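Descriptive structure summary
Residues per chain, in single letters:
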Amino acid sequence: MNATFAVVAKDLRLAWRDRAGWLTAGAFATISILIYSFAFDLATNDVRPLLPGVLWTTFLFAGVFAAGAGFQREAEEGTFDAMLLSPVSPTVIFLGKLISSLIALIAIEFALLIAATILFDEPLLTPELVAIVMLGTAGYASLTTLLGTLGSGPRTRAVLLPVMALPLLVPMLIAAVRATGGSLGIFGGDAPWTLLLAVFALWSTLTAIILFPLAVER
Amino acid sequence: MRTANRVYGLRWVLLPPLTGMGILAMLVGAVVAAPTELVEGDVQRLMYIHVPSAQAMYLAFGIVFVASIMVLWKRDMRWDAVARGAASVGVLFTAFALVTGSLWGKPIWGVYWQWDARLTSTLVLFLVYAAYLLARAVSDPGDEQAARYSAVYAIVGFLDVPFIVMSVRWWRTLHPQPIVSRLDPQLPGSMLAVLGISTLAIFLLALWLILLRTDTERLGQRLLGLRAAVDRREEA
């Protein structure tokens, strides 16, 4: 447990020192929200039905982007290999990385929710919606962390990560958009989307925890 | 075991003529022997390639899944060759299923493409395994670390299938429900017979292509090993 927190603390410290990576992800997400906001405003007067899709595509792109950028430095400096050589189990390292990226991602997402509340004039910080955002983030962060920490090289990682991660995240995207829409009262539907989101989050976290040690074994 | 090895040794003697005969029987069956469907007309004959292609896709991706587990478990690069071979053939048959499906969909549904449950899940599968091939292609064929990484991706991708199917099925559905793979098939006997022959033919073709691709990947790995050995010899 201590080792997990040590990894979390190390990752957050690195994220703080190397602010550029995370700030770029945040800036990218903010720009996306802005671009969506006025591009759709030109096309239609009622942008409200588009909001769940806008939110989740932005979250996903920012998340995948951050997963790639976050490990770039570590891979270049050989930190990751050094950690694997240390006498802690790979599972602990993975959990630490997952928790630290969850903290950073949720911070970015909250900033985005506030921005979207202003731009789309829609109260987004409701408990239900926050729960949906947390569940969805847990679902995608475990897979992007798994795929981001591995990878054959820094050059290929940046390009391949979105191509590899996004198809796997289609179910999560559909469930998250539907659940968000339901929570905002935009489109209903009787399917238990939040449940699917929760099951996906559980499944992806467990799978990533089990497969990570097998993948990094040398 | 010995018999199995002997049969495997004869794969290049047995598979090509068997596949050839199967494909020929499939073509004759689908174009000439099978009755014309009353409502849809001749375009329904696409079924005899569409449905077996989709099944061959699942066969190939199943092989990728098993071979990927073996890569992680046995640390044997031969399984990586099997996984890559099966993945490329699976992607090919997925493309087949998607293209024939679109051609069939246009006259019957009025559109080439719809975000329907089964179409969407098949397309997502296509993207997942295309990404797998891409990830494996940018790395060295003999790179064990990259092989393990790709194996992890293939396993996650395969386990993701139920979620993909579930989410898109709740989302919307237009594609007809299965009519063959149930206890009382709803297809007339003559059509069912032709479909059986076509499935056998396509499976033989898929098997042949998978073995061919696997052997090619294996030869590529051995070539790299030989090159490395020659380099070491020259340096010494």
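In case you missed it, the structure is sitting above this.
Keep in mind it's a predicted model, so treat the numbers as computed, not measured. (Residues numbered from 1 in each chain as written. Chains lettered and ligands numbered in written order. Predicted model: local features only at pLDDT ≥ 70, side-chain atom pairs only at ≥ 80, totals over all residues. Heavy atoms only, no water.)

**What to know about the overall build of chain A**
Of regular secondary structure, chain A possesses 9 helices and 0 strands. Mapped in sequence order, the helices and strands of chain A form the string α-α-α-α-α-α-α-α-α. Relative to its length of 218 residues, chain A is compact, with a C-alpha radius of gyration of 18 Å against a globular reference of 17 Å. The principal-axis extent of the C-alpha atoms belonging to chain A is close to 55 × 35 × 30 Å. By the burial criterion, 49% of the 218 residues in chain A qualify as buried. Partitioning the contacts of chain A with sequence separation of at least 6, the portion at a separation of at least 24 is 80%. Taken together, the 11 basic and 14 acidic charged side chains of chain A have centroids lying 10 Å from each other. (Helix = DSSP H or I, 4+ residues; strand = E, 2+ residues; numbered from the N terminus. Rg over C-alpha atoms; globule rule 2.2 N^0.38 Å. Buried < 20%, exposed > 50% of the residue type's maximum accessible area, 1.4 Å probe, protein only. Contact = heavy atoms within 4.5 Å. Lys, Arg positive; Asp, Glu negative; His and termini not counted. Charge placed at Lys NZ, Arg CZ, Asp CG, Glu CD.)

**What about the interface of chain B and chain A?**
Counting residues at the interface gives 27 residues for chain B, matched by 30 residues for chain A. Note on chain B versus chain A: buried area summed over both sides is about 2700 Å², and carbon and sulfur give 78% of it. The largest contributions to the chain B side of the interface with chain A come from B:Y149, B:F163 and B:W170, which together make up 26% of the buried area. For the interface between chain B and chain A, the tally reads 4 residue pairs in polar contact (both at pLDDT 80 or more). Going through the elements one at a time, α5 (117–138) and α6 (144–171) of chain B are the ones with two or more residues in the side of chain B that touches chain A. (Buried area = accessible area lost by both parts, 1.4 Å probe. Polar contact = N/O pair within 3.5 Å; in protein donor to acceptor, adjacent residues only side chain to side chain.)

**So, the pattern of salt bridges**
Following the criterion strictly, the structure yields 7 salt bridges over all chains and no others. Here A:D11 and A:K10 are joined by a salt bridge, their closest N and O atoms 2.7 Å apart. You'll find A:D11 and A:K10 in the same group, each marked buried. One salt bridge connects B:R213 with B:E217, and the closest N-O pair in it is separated by 3.0 Å. (Salt bridge = Lys/Arg side-chain N within 4 Å of Asp/Glu carboxyl O.)

**What to know about the environment of B:Q55**
Residue and element names in this part refer to chain B. With respect to the element layout, Q55 can be found in helix α3 (residues 47–74). On the basis of relative accessibility, which here comes to 35%, the residue Q55 falls in the partly exposed class. If near-sequence neighbours (up to four positions away) are discounted, Q55 is found in contact with T199 and F203.

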